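Below are the chains, spelled out letter by letter.
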Amino acid sequence: MTTEQKITRYDGPAGGWRALASVKDTLLAQGIPVKGAKTLLSANQPDGFDCPGCAWPDRNHHSTFEFCENGAKAVAAEATARRATPEFFARHTVAELAVQSDFWLEGQGRLTHPMRYDAASDRYLAIAWDEAFALIARHLNALADPNEAIFYTSGRTSNEAAFLYQLFVRQFGTNNFPDCSNMCHEASGAAMRAQVGTGKGTVTLQDFERADAIFIFGQNPGTNHPRMLGELRAAHQRGARIVSFNPLRERGLERFADPQDKLQMATLGSSPISTHYLQLRVGGDLAAVTGIAKHVLEMHTQRGGVLHEDFIAQHTAGFDALAAQIARTPWAQLEEASGLGEAQLRAVGDVYIGAERVIACWGMGITQHRHAVATIGAIVNLLLLRGNIGREGAGPCPVRGHSNVQGDRTMGIWEAPPPALLDRLQQVYGFAPPRAHGVDTVGAIRQMVDGRCKVFFALGGNFAAATPDTAATWAGLRQCGLTVHVATKLNRSHVVHGREALILPCLGRTEIDMQPGGPQGVTVEDSMSMVHLSMGINPPASPELLSEPAIVARLAAATLGERSSVPWSWLVQDYARIRDEIEKVFPDFADFNARVAVPGGFRLRNAASQRQWATASGRAQFSVHAVPAPGPQRHEGRVLFTLLSTRSHDQYNTTIYGLNDRYRGVQGQRQVVFIHPEDIAALGLAGGDRVDIHTVWDDGVQRSVHGFVLVPYDIPRGNLAAYYPETNPLVPLDSVAEGVGTPTSKSIPVVLTPHTPRP
Ligand SMILES: Nc1nc2c(c(=O)[nH]1)N[C@H]1C(S)=C(S)[C@@H](COP(=O)(O)OP(=O)(O)OC[C@H]3O[C@@H](n4cnc5c(=O)[nH]c(N)nc54)[C@H](O)[C@@H]3O)O[C@H]1N2
Ligand SMILES: Nc1nc2c(c(=O)[nH]1)N[C@H]1C(S)=C(S)[C@@H](COP(=O)(O)OP(=O)(O)OC[C@H]3O[C@@H](n4cnc5c(=O)[nH]c(N)nc54)[C@H](O)[C@@H]3O)O[C@H]1N2
Ligand SMILES: [Mo]
């Protein structure tokens, strides 16, 4: 792999031969021989495992392998030949591990044994599983209040593990369930539940085959959902319009060479993706969508027949208030806030009006902003204006991240559980679940910082690196009495730990999960509500590994003992038994085992897609939001920039696969900041110079990161982009999306200063 630090413009398409070459590099780096290819071929096959990459659904009737570069990297990262054994931990103190990069930590390979932190030697030492569970149970049972414990979940956790986990934790007595969703699509669920009564997207892959226009807001599918490019290419080829909104020019939204297309690969050809590309200002989407809606309303007034009046009359509420508010908002304000011209917005407004069926997709560029809920509300409004929800080829499509993040929420991993779920748990299991809401991710950090978290347990993920305000989070984690991480690989969260600490290594999705009832599969739910089975095929990375369901069940049995009538160990002997329990609690999972045995699984009922609106009014609700004025552009004589944090092409969230970001032309480094060339000149600096980045926030806390290389880039003036998680120290804990608490990691107010080396 390239380690030389370089910045070179990338003019090729997304995908293509370079994608294949990059996979080969990854396999080599993970020490995986060609046999690794067998593992890759089983991803997303009816009898194989669900790809641990993204939540984009599979075309399950495929008999050939659906090639996805970043899916292959995710699989290779798990199937790595490297091992972090007890001998490895004996060689390094935790202080030594703590100064290594995230890339280095994960690069040590798969964890092989349960490990316990030993303060005397500052090392992790092997511990027996039974002792580990007894230790956690002792801590939990000594708490004065169950709410002193916090239980985090990352979205790779299967339905089976998640179901057992929420049952155990609620029986233990708390709803403290922060999860990665709080940092991800929380706003999508909140806005959509309020407006259409369903917190999930309504579309399927079949709708993508029929849409006449697809609007994409704040998403980089070429890197994060590469299989989505296949759908977009096909849509483009049959004449659909694809309208992208992104402050950055992302290669995957421009051109794509499908590695499965032999002709295209042989001729070095590629296909265009977007028909329209709007490089709006960071955070300008609410204004942009309002502008499109304004055009729709004005055209209806001028020539009639533009709004779907029957749909609005029969199915919706709140139209007049929305129309009045939009009429009051002048174009000049929309132009200023979006950074786009009226003519541009009217042009894509015409695309919207001219399309019979429209899908709107969105990602983190929408959800990680202060006005996330309002912006998604505006997108839903736009769809409702022309009846684009609940019919073929149309609808909202929040594109989820982790492969089972949607399923975990379905299973009840939620700090604010609906009362109906708690009632059902009470009926089925005969205990009184806690009714008070628990903490979300930011709430969990606050509780830690205040010294009120005694036990922090994480089922997957990398809490220390993924969360905002790194200094606060780390101080909080270090105040916990006990931190426990169920993980496949060593990460930051294991070296920023509580007074006592455990690392519990688990099986990954790619591995055979052998239980007394035979090899087990688990189920996952993708971004389009398809539930299907995932069966591992590789031998476990170590004989000591336990599955996530087994870890949860043994912990529950050790902690609750006689207090629980749930037959924990019996349930994990055969996961079909867990699915029977899931079916008892969730009516939508009726006949679960039979339905999931069908190749490709089944789709969960989605009321909004059938135009059944489970809202307070029983109708789809238009929401009304004022377009916020752009903030100040200077701070104490310096340019005040808005920084967005994003993923490179070589990472999976906090897991760094390599130091390249091919489509953005970055090689061998991650400490870079993308900036408009004229902004560089205005600073009196040059491309390649290093800067320090400082957050502008009014709580007296100094938040800075140091030594980032300026990369001239096609990005609006006043906006910056840099990588996550390196920029998480800059995100203030208090800066969250209104109403949902998602850290605003796509709009951090910052100033730049020339880099000064620190002592
Ligand atoms: N290979 C790989 N796949 C992944 C992941 C990974 O890290 N690696 N992560 C998974 C997870 S958990 C998630 S949530 C998804 C994330 O997938 P994405 O939602 O694509 O997330 P980001 O990479 O953060 O990219 C956000 C995009 O939004 C744009 N953007 C930023 N601010 C704005 C704005 O104000 N307006 C608009 N319109 N655009 C904006 C950025 O330029 C960028 O193109 O991917 C999942 N899949
Ligand atoms: N600044 C900024 N911050 C962000 C974001 C951003 O765009 N910008 N994005 C946010 C988003 S969208 C998300 S989803 C979060 C992600 O937050 P998390 O989900 O907490 O983080 P990940 O990096 O996905 O977790 C990686 C770790 O999971 C463990 N792991 C991998 N596979 C398995 C498995 O099968 N089982 C178990 N138990 N462990 C496993 C490995 O040990 C690995 O180190 O980060 C958020 N933070
Ligand atoms: Mo995510």
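Computed from a predicted model, the values in this text were never measured in an experiment. (Residues numbered from 1 in each chain as written. Chains lettered and ligands numbered in written order. Predicted model: local features only at pLDDT ≥ 70, side-chain atom pairs only at ≥ 80, totals over all residues. Heavy atoms only, no water.)

**Quick look at the site of ligand 2**
- The local shell around ligand 2 holds 31 residues, among which Glu-106, Tyr-152, Glu-548, Thr-654 and Tyr-724 are the closest.
- Here Ala-466 contributes a backbone N or O atom positioned 2.7 Å from a nitrogen atom of ligand 2.
- Interatomic distance of 3.1 Å between a side-chain N/O atom of Asn-653 and an oxygen atom of ligand 2.
- Coverage of ligand 2 by the protein chains reaches 96% of its 930 Å² of free accessible surface.
- Here the shell around ligand 2 is composed, by residue class, of 11 nonpolar, 14 polar and 6 charged. (Near = heavy atom within 4 Å. Polar contact = N/O pair within 3.5 Å; in protein donor to acceptor, adjacent residues only side chain to side chain. Areas by Shrake-Rupley, 256 points an atom, 1.4 Å probe, with all protein chains shown as cover. Nonpolar A, V, L, I, M, F, W, Y, C, P; charged D, E, K, R; others polar.)

**Looking at the UniProt feature "domain: Molybdopterin dinucleotide-binding" (unreviewed entry) in the protein chain**
- According to UniProt, the positions carrying the feature "domain: Molybdopterin dinucleotide-binding" (unreviewed entry) are residues 641-747.
- As annotated, residues 641-747 has a helix share of 6% and a strand share of 34%, and its two end C-alpha atoms lie 9 Å apart. (UniProt positions renumbered as here; feature names shortened; annotations may be inferred. Helix = DSSP H or I, 4+ residues; strand = E, 2+ residues; numbered from the N terminus.)

**Observations concerning unusual backbone geometry**
- With an omega of 5 degrees, the peptide bond between Tyr-724 and Pro-725 qualifies as cis.
- Considering the arrangement of structural elements, one finds Pro-725 in the loop between strand S33 (719-723) and strand S34 (748-754).
- One non-glycine residue with positive phi stands out, namely Asp-122, at about 50 degrees.
- Mapped onto the elements of the fold, Asp-122 is located in the loop between strand S5 (115-118) and strand S6 (123-126).
- Within the chain, Arg-611 stands out as a residue other than glycine whose phi angle is a positive 60 degrees.
- With respect to the helices and strands, the residue Arg-611 is situated in the loop between strand S22 (602-603) and strand S23 (620-621).

**Examining the pairing of strand S8 (residues 213-217)**
- Most of S8 is tucked away: 5 of the 5 residues are buried.
- Neither face of S8 is exposed, since Ala-213, Phe-215 and Phe-217 on one face and Ile-214 and Ile-216 on the opposite face are all buried.
- Across 5 bridges, S8 lies against strand S9 (residues 241-245) in parallel orientation. Opposite Ile-216, over in S9, you have Ser-244 as the bridge partner.
- Relative to strand S14 (residues 358-362), S8 runs parallel, the two being bridged by 5 bridges. The partner of Ile-214 across the bridge, within S14, is Ile-359. (Buried < 20%, exposed > 50% of the residue type's maximum accessible area, 1.4 Å probe, protein only. Pairing = 2+ DSSP bridges.)

**A short note on helix H7 (residues 129-141)**
- When the terminal C-alpha atoms of H7 are compared, their 18 Å separation across 13 residues agrees well with the 18 Å that a helix rising 1.5 Å per residue should span.
- Those residues of H7 that fall on the buried side of the exposure criterion are Trp-129, Ala-132, Phe-133, Leu-135, Ile-136, Ala-137, His-139 and Leu-140. (Expected span 1.5 Å × (residues − 1).)

**Things to note about helix H17 (residues 331-338)**
- When we look at burial in H17, the residues that qualify are Trp-331, Leu-334, Ala-337 and Ser-338. The arc enclosing the buried residues of H17, seen along the axis, measures out at 135 degrees, which places them on a common side.
- Tucked inside the fold, the buried residues of H17 contact helix H14 (285-303) and helix H18 (342-354).
- Within two residues after H17, Gly-339 carries a phi angle of roughly 75 degrees, on the positive side. (Arc of directions from axis to C-beta. Contact = heavy atoms within 4.5 Å.)

**Structural notes on the packing of H14 against H17**
- Two elements in contact, H14 and H17, have axes separated by 8 Å at closest approach and are oriented at 150 degrees. Between H14 and H17, the interaxial angle falls into the category roughly antiparallel. The interaxial crossing formed by H14 with H17 has left-handed handedness. Across the interface between the two elements, Ala-287, Ala-288, Thr-290, Gly-291, Lys-294, His-295 and Glu-298 of H14 pack against Trp-331, Leu-334, Ala-337 and Ser-338 of H17.
- Class assignment of the residues belonging to the contact of H14 with H17 gives a composition of 5 nonpolar, 4 polar and 2 charged. (Axes fitted to C-alpha atoms, helices over the stretch in contact; angles between N-to-C directions. Parallel < 35°, antiparallel > 145°, perpendicular 65-115°, else oblique. Left-handed = near helix turned anticlockwise from the far one by under 90°.)

**Some thoughts on the sheet that holds strand S26 (residues 641-646)**
- Read around the closed barrel, 6 strands run S26-S33-S30-S32-S31-S34, paired in mixed fashion. Put simply, the sheet's adjacent strands are angled 45 degrees from each other on average, direction ignored.
- Inspection of the sheet shows S26 paired to S33 by 5 bridges, in the parallel sense. Bridge assignment links Leu-644 to a residue of S33, and that residue is Ala-721.

**Quick notes on the site of ligand 1**
- As a structural note, the neighbourhood of ligand 1 is formed by 31 residues, with Glu-250, Gly-283, Asp-285, Gln-651 and Asn-653 the closest of them.
- Interatomic distance of 2.5 Å between a side-chain N/O atom of Glu-250 and an oxygen atom of ligand 1.
- Within the backbone of Gly-365, one N or O atom sits 3.4 Å away from an oxygen atom of ligand 1.
- Taking 930 Å² as the accessible area of ligand 1 by itself, protein coverage stands at 99%.
- Every element with two or more residues in the shell around ligand 1 is listed here: helix H11 (221-224), helix H19 (364-367), S26 and strand S27 (651-652).

**Comments concerning the environment of Trp-414**
- Mapped onto the elements of the fold, Trp-414 is located in the loop between helix H21 (405-410) and helix H22 (419-429).
- Relative accessible area serves as the criterion here: at 14%, Trp-414 is assigned to the buried category.
- In this structure, the C-alpha to C-alpha distance between Trp-414 and Asn-176, residues 238 residues apart in sequence, is 8.2 Å.
- Each residue touching Trp-414, except ones within four places of it in the same chain, is listed here: Arg-170, Asn-175, Phe-177, Glu-186, Arg-193 and Arg-409.

**A look at the sheet that holds S9**
- Judged by pairing direction, the sheet is parallel, and its 5 strands sit side by side in the order S12-S9-S8-S14-S15 without closing on themselves. Each having just a single partner strand, strand S12 (276-278) and strand S15 (395-398) make up the two edges of the open sheet. If you compare each strand with its neighbour and ignore which way they point, the axes differ by 15 degrees on average.
- Set on the sheet, helix H20 (residues 372-385) makes contact with S8, S14 and S15; between it and S14 the angle comes to about 170 degrees.

**Details of the side chain of Arg-579**
- Here Arg-579 shows up in helix H29 (residues 575-585).
- Overall, the relative accessible area of 7% leaves Arg-579 in the buried class.
- Of the polar contacts made by the side chain of Arg-579, one reaches the side chain of Asn-593; its length is 2.7 Å.
- Every residue in contact with Arg-579, bar those within four places of it in the chain, is listed here: Glu-160, Gly-521, Val-522, Thr-523, Leu-533, Phe-592, Asn-593 and Val-596.

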